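Listed below are the residues making up each chain.
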Amino acid sequence: MAESERVPVERKRRRPTSSGVVLSADLIVDAACELIDAQGAQAFTVRKLGAALGADPSAVYRYFRNTEDLLLALADRLIGESMAGFTPGGDWAADLRDLALRAYRSALRHPQIAVFSTVRVTGRPHEQHAVDTGIGLLLRAGFDDATAVRHYHTLVDTALGHAAVDAGVLRLAPAQRAADEQAWQDEYGNLPAEDYPSLHRVREHLPLMGGSAVEPALDLLIAAIRQEAAERARLRG
């Protein structure tokens, strides 16, 4: 948040709410996370948040300028969760894979929040740390500045793109998810060979289409990045 947009300290509530708690930015983000996890992003309102906090909804605006400001803080919280405990192990490619999967799994733990968290730039400390870490790994692999940025962009968008799709699946009703998974076997697996020769040939493997493709996608991408790094090192001699 730009300095001019920060909520002044004097506006922040120091008195206990009717439920006996003293509000803080972290407490508000915690409550917003619980509400959206339970009810979905579309149903989220500051009025509901105030009720959950035992405070007048206007109290939220002592900590966040508007709802968007709060949602960006919530998205940044997920990035912080993904980075918690991350320690580079020395193999930059393995570390990149770990970093990407952490971002993916954090979004999947909160599929209702992933509706917006996977497509926004928070501009906040957790995201800044994650981006700095990822680009730093690529710089240490020997890539020039621009290539390191491009590869990080590709990597993180691959992880978050799969997170958005898979979170959408998790938001479906269980019966819908089961029907979609079964369709690969029942609908596609029984198509006639004369009309659908390729599908008929691979029919025993079509149930694989019902799972997430995030790890195979990341493995392909990181293998290509690793190969490029090796080629660059060979050319440098």
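Being a predicted model, the structure only gives us computed values, none of them experimental.

This chain's UniProt record puts "domain: HTH tetR-type" (unreviewed entry) on residues 22-82. Taken as a whole, residues 22-82 contains 64% helix and 0% strand, while its terminal C-alpha atoms sit 27 Å from one another.

For the rest of this paragraph, the subject is the packing of helix H4 (residues 92-109) against helix H10 (residues 214-236). H10 packs onto H4 with a crossing angle of 150° between their chain directions and a minimal axis gap of 10 Å. For the element pair H4 / H10, the angle class is roughly antiparallel. For the pair H4 and H10, the sense of crossing is right-handed. Together, Trp 92, Ala 93, Ala 94, Leu 96, Arg 97, Ala 100, Leu 101, Tyr 104 and Arg 105 of H4 and Val 214, Glu 215, Leu 218, Asp 219, Ile 222, Ile 225, Arg 226 and Ala 229 of H10 make up the contact between the two elements. Of the residues that constitute the contact of H4 with H10, the class distribution is twelve nonpolar, no polar and five charged.

Of all residues in the chain, 92% have pLDDT values of 70 or greater, and the mean over the chain is 92. Mean pLDDT in the chain bottoms out at helix H5 (residues 114-117), which sits at 93, and peaks at helix H6 (residues 125-140), which reaches 98. Counted against residues more than four places away or in other chains, residues 1-6, with its pLDDT under 50, gives nine contacts.

Once that is clear, we can look at H6. An ideal rise of 1.5 Å per residue puts 22 Å on 16 residues; H6 measures up with 22 Å between its terminal C-alpha atoms. Along H6, the residues classified as buried are Glu 127, Ala 130, Thr 133, Gly 134, Ile 135, Gly 136, Leu 137 and Leu 138. The inward-facing, buried residues of H6 abut helix H3 (67-83), H4, helix H7 (145-170) and H10.

Let's shift gears to the packing of aromatic side chains. Counting across every chain of the model gives two aromatic pairs. Their ring planes at 90° and their centres at 6.3 Å tell us that Trp 92 and Phe 143 sit as a pair that is edge-to-face. Highlighted residues: Trp 92 in helix H4 and Phe 143 in the loop between H6 and H7, separated in sequence by 51 residues. Each member of the pair, Trp 92 as well as Phe 143, is classed as buried. A cation sits over an aromatic face here: Arg 226 above Trp 92, 6.0 Å from the ring centre.

All right, on to the UniProt feature "DNA-binding region" (unreviewed entry) in the chain then. Taking the numbering used here, the UniProt-annotated feature "DNA-binding region" (unreviewed entry) corresponds to residues 45-64. Counting secondary structure, residues 45-64 comes out at 40% helix and 0% strand; the distance between its end C-alpha atoms is 14 Å.

On to the packing of helix H1 (residues 25-39) against helix H2 (residues 46-53), then. Axis separation between H1 and H2 bottoms out at 10 Å; the angle between their running directions is 115°. H2 is crossed by H1, and the crossing has right-handed handedness. Across the interface between the two elements, Leu 27, Ile 28, Ala 31, Ala 32, Leu 35 and Gln 39 from H1 touch Lys 48, Leu 49, Ala 52 and Leu 53 from H2. Per-class residue counts for the contact of H1 with H2 are eight nonpolar, one polar and one charged.

This part takes up the pattern of salt bridges. In this structure the tally under the stated criterion is twelve salt bridges. With a closest N to O distance of 2.7 Å, Arg 97 and Glu 215 form a salt bridge. One end of the pair, Arg 97, is in helix H4; the other, Glu 215, is in helix H10, with 118 residues separating them in the sequence. A residue is classified by how much of its surface remains accessible, and Glu 215, at 33% relative accessible area, is partly exposed.

So, about the environment of Asp 166. When you line up the elements, Asp 166 lands in helix H7. Spatially, the C-alpha atoms of Asp 166 and Leu 35 are 21 Å apart, while their sequence positions differ by 131 residues. Those residues in contact with Asp 166 that sit more than four places away from it in its chain are Tyr 104, Leu 108 and Ser 212. A polar side-chain atom of Asp 166 sits 2.6 Å from a polar atom in the side chain of Tyr 104.

What counts as what
- Residues numbered from 1 in each chain as written.
- Predicted model: local features only at pLDDT ≥ 70, side-chain atom pairs only at ≥ 80, totals over all residues.
- Heavy atoms only, no water.
- UniProt positions renumbered as here; feature names shortened; annotations may be inferred.
- Helix = DSSP H or I, 4+ residues; strand = E, 2+ residues; numbered from the N terminus.
- Axes fitted to C-alpha atoms, helices over the stretch in contact; angles between N-to-C directions.
- Parallel < 35°, antiparallel > 145°, perpendicular 65-115°, else oblique.
- Left-handed = near helix turned anticlockwise from the far one by under 90°.
- Contact = heavy atoms within 4.5 Å.
- Nonpolar A, V, L, I, M, F, W, Y, C, P; charged D, E, K, R; others polar.
- pLDDT = per-residue confidence, 0-100.
- Expected span 1.5 Å × (residues − 1).
- Buried < 20%, exposed > 50% of the residue type's maximum accessible area, 1.4 Å probe, protein only.
- Phe/Tyr/Trp six-rings, centres within 6.5 Å; stacked < 30°, edge-to-face > 60°.
- Lys NZ or Arg CZ within 6 Å of the ring centre and 35° of its normal.
- Salt bridge = Lys/Arg side-chain N within 4 Å of Asp/Glu carboxyl O.
- Polar contact = N/O pair within 3.5 Å; in protein donor to acceptor, adjacent residues only side chain to side chain.

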